[in-house]
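Listed here are the chains, written in short residue letters.
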2 protein chains.
Amino acid sequence: MGSIARIGRVAHATLGAQAYESLRDLLIAGELAPGERLSLRTLAERLGTSVMPAREAVSRLVADEALEVLPNRAVRVPVLTLGTFRELTRVRIAVEGFAAAEAARAMEADGLAAIHAHDAAFRREVLASEPDLERGMRANRDLHFAVYRAAGLPSLVTIIEGLWLRIGPVLNLDLRSSRRRLAEGGAQVHHARLVAALATGDGEGARAALAADIAGSADFIETTGRLAP
Amino acid sequence: MGSIARIGRVAHATLGAQAYESLRDLLIAGELAPGERLSLRTLAERLGTSVMPAREAVSRLVADEALEVLPNRAVRVPVLTLGTFRELTRVRIAVEGFAAAEAARAMEADGLAAIHAHDAAFRREVLASEPDLERGMRANRDLHFAVYRAAGLPSLVTIIEGLWLRIGPVLNLDLRSSRRRLAEGGAQVHHARLVAALATGDGEGARAALAADIAGSADFIETTGRLAP
DNA sequence: TGCCGTGATCTGTGATCACACTTAGGCTCG
DNA sequence: CGAGCCTAAGTGTGATCACAGATCACGGCA
């Protein structure tokens, strides 16, 4: 095979798209606290570009409601009220629960294998004596989205990504602040029930397990009392 | 009442936001055909501004997947394949069906009155000897979103708007092309069942009626055979 | 007559400048 | 010594310019 054949895509990523994904990852990872203000020029300087790519990134994230512009035109990470958080949780249970149910019906072998791997990685981190929180949360995220992708409905995955983008800041900020959650919580129990239901094609079982998982972490967040009233 | 009181919103709408809503309405109304290419400069000239607001509008719509950039960097209205259309329809039935079920449980008097009004307006247009298609479709849209808003889950309404934005071009293009659909179809029958279920708080009935309505219009679109293979 | 090379034009992207507005800090005056 | 104004720095928004790449049509060569 000539070397010309392995050139592949040039990965023509525009600067604006790169800036968008950088900011996006920061938000999902909870590295930008709710209420924190952003400046286009500061952001551009940190990215090593002009303000234009930063503008596009912020503009898209505002459209996703992952950032908000105040009446002063200032840009900041939205501060979720308790009511908004509960609303998002209800929507998540409905949408992600549906995705899990569909995944159970459409599950194929390789998808199930990937899910098993992510589940094992998560449980390994939970049971470790010195758990790496960031790696554990990434395993959790990979597990969830492997399930959602298995439903075979790409537009649904996009919708769920938008939901995670909005709850990311409060969710991951609090989960990182206390390492108890990872070890104590029923997360791995829910995951086990979820994986079992997926393996047997039990759609309603998968939906129930995922709903319990979401509700469990949401309850934990509420107990921290860090949400705005 | 002094005239100062009726100023209302300062309409602090940024040019980019105005451009976004203009393009958005054009897409939902199906006035931009699938596959049609857009030019930032042409768009800017039509809006009477520079390319900057047009850029922001297009950028946001691309993020919503309501527009797409080809590998050539050209921007066009996406051409839905039959598979993508069916996928979106399944997601719509799940998400909008959930919204209808929640609306039935949370329904209040004034919301129900508004829904009744939109339903009457739609039926009036269907039964008219000389139906105004555009007005009928607007009544249909108002009816649906009045139901979704009644669920009391704003983030769900945003999600559904995104779905309508994607199917708008093919849906409304075909519905306008044949006036039969409005008159023949079971739309008003499904609407009647939907409104009745909402009035009695029958969540599952509302979900079923809405699902049938969506499936019915989707079937009609498929019979036109205008979708890409 | 058919086909390929080539240049003009149009595309989106990024940088830079200009402007209205907000905000915070320092300075002056009571 | 304290409070209010007022300047200066910083904000997002919009316009304009510069540039690489794609597209398409015309003309010349085989």
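Residues numbered from 1 in each chain as written. Chains lettered and ligands numbered in written order. Predicted model: local features only at pLDDT ≥ 70, side-chain atom pairs only at ≥ 80, totals over all residues. Heavy atoms only, no water.

Asks: How would you explain the sheet that holds strand 1 (residues 37-38) of chain B if you had to name every residue and give the values?
Replies: All names here are of chain B. Taken in spatial order, the three strands make up an open sheet running 1-3-2, and their pairing is antiparallel. This sheet does not close on itself; its edge strands, each paired only once, are strand 1 and strand 2 (68-69). In terms of strand pairing, strand 2 meets strand 3 (residues 75-76) through two bridges, oriented antiparallel. By the bridge assignment for strand 3, V69 is matched with V75. (Pairing = 2+ DSSP bridges. Helix = DSSP H or I, 4+ residues; strand = E, 2+ residues; numbered from the N terminus.)

Asks: How would you explain the protein's contact with DNA strand C if you had to name every residue and give the values?
Replies: Around DNA strand C, 17 residues are found, and the nearest of them are T14(A), L15(A), S50(A), S39(B) and R41(B). Atoms of DNA strand C within 4 Å of the protein: sugar and phosphate make up 56%, bases the balance. In the environment of DNA strand C, a phosphate oxygen lies 2.4 Å from a nitrogen or oxygen atom belonging to the backbone of L15(A). Within the side chain of S39(B), one N or O atom sits 2.8 Å away from a phosphate oxygen of DNA strand C. Residue assignment for the surface near DNA strand C shows that the elements contributing at least two residues are helix 1 (15-28) and helix 3 (51-63) of chain A together with helix 2 (40-47) of chain B. Its residues assigned to classes, the surface near DNA strand C shows six nonpolar, seven polar and four charged. (Near = heavy atom within 4 Å. Polar contact = N/O pair within 3.5 Å; in protein donor to acceptor, adjacent residues only side chain to side chain. Nonpolar A, V, L, I, M, F, W, Y, C, P; charged D, E, K, R; others polar.)

Asks: Account for the nonpolar core, with residues named and values stated.
Replies: Core analysis: the biggest nonpolar cluster contains 86 residues, and V147(A), Y148(A), L198(A), V147(B), Y148(B) and L198(B) have the highest contact counts within it. Leaving out residues up to four positions away in the same chain, L198(B) has contacts with A100(B), A103(B), A104(B), M107(B), L112(B), I115(B), V147(B) and A206(B). (Core = buried A, V, L, I, M, F, W, Y, C linked by side-chain atoms within 4.5 Å. Buried < 20%, exposed > 50% of the residue type's maximum accessible area, 1.4 Å probe, protein only. Contact = heavy atoms within 4.5 Å.)

Asks: Now, about the sheet that holds strand 1 (residues 37-38) of chain A: what can you tell me, with residues and values included?
Replies: All names here are of chain A. Taken together, the three strands give an open sheet; going across it, the order is 1-3-2, and neighbouring strands pair in antiparallel fashion. Two strands in the sheet have a free side with no partner beyond their single neighbour: strand 1 and strand 2 (68-69). As paired elements, strand 1 and strand 3 (residues 75-76) share two bridges and run antiparallel to each other. In the strand pairing of strand 3, L38 is matched with V75.

Asks: Any chance you could break down the interface of chain A and chain B for me, citing the residues and the numbers?
Replies: The partner chain B presents 24 residues to the 24 residues of chain A that form the contact. At the junction of chain A and chain B, the tally comes to two salt bridges. Residue E102(B) is joined to R90(A) by a salt bridge in which the shortest nitrogen-to-oxygen separation is 2.4 Å. The tally of links between chain A and chain B comes to five residue pairs in polar contact (both at pLDDT 80 or more). Contributing elements (two or more residues each) for the side of chain A that touches chain B: helix 3, helix 4 (82-106) and helix 7 (154-177) of chain A. For the side of chain A that touches chain B, the residue count by class is 11 nonpolar, four polar and nine charged. (Salt bridge = Lys/Arg side-chain N within 4 Å of Asp/Glu carboxyl O.)

Asks: Describe the pattern of salt bridges, with residues and values.
Replies: Applying the stated criterion across every chain yields a total of 23 salt bridges over all chains. A salt bridge links E96(A) to R92(A); the nearest nitrogen and oxygen atoms lie 2.7 Å apart. Residue E96(A) and its partner R92(A) are both found in helix 4; the two are separated by four residues, about one turn of the helix. Looking at E96(A), the relative accessible area reads 0%, which means it is buried. The exposure class assigned to R92(A) is buried, which follows from its relative accessible area of 7%. Its salt-bridge partner being R105(A), residue E102(A) comes within 3.1 Å of it at the nearest N-O pair. On the criterion of helical spacing, the pair formed by E102(A) and R105(A) is a turn pair, its members being three residues apart in helix 4. Within this structure, R90(A), E102(B), R105(B), E204(B) and R207(B) form a network of salt bridges that share partners.

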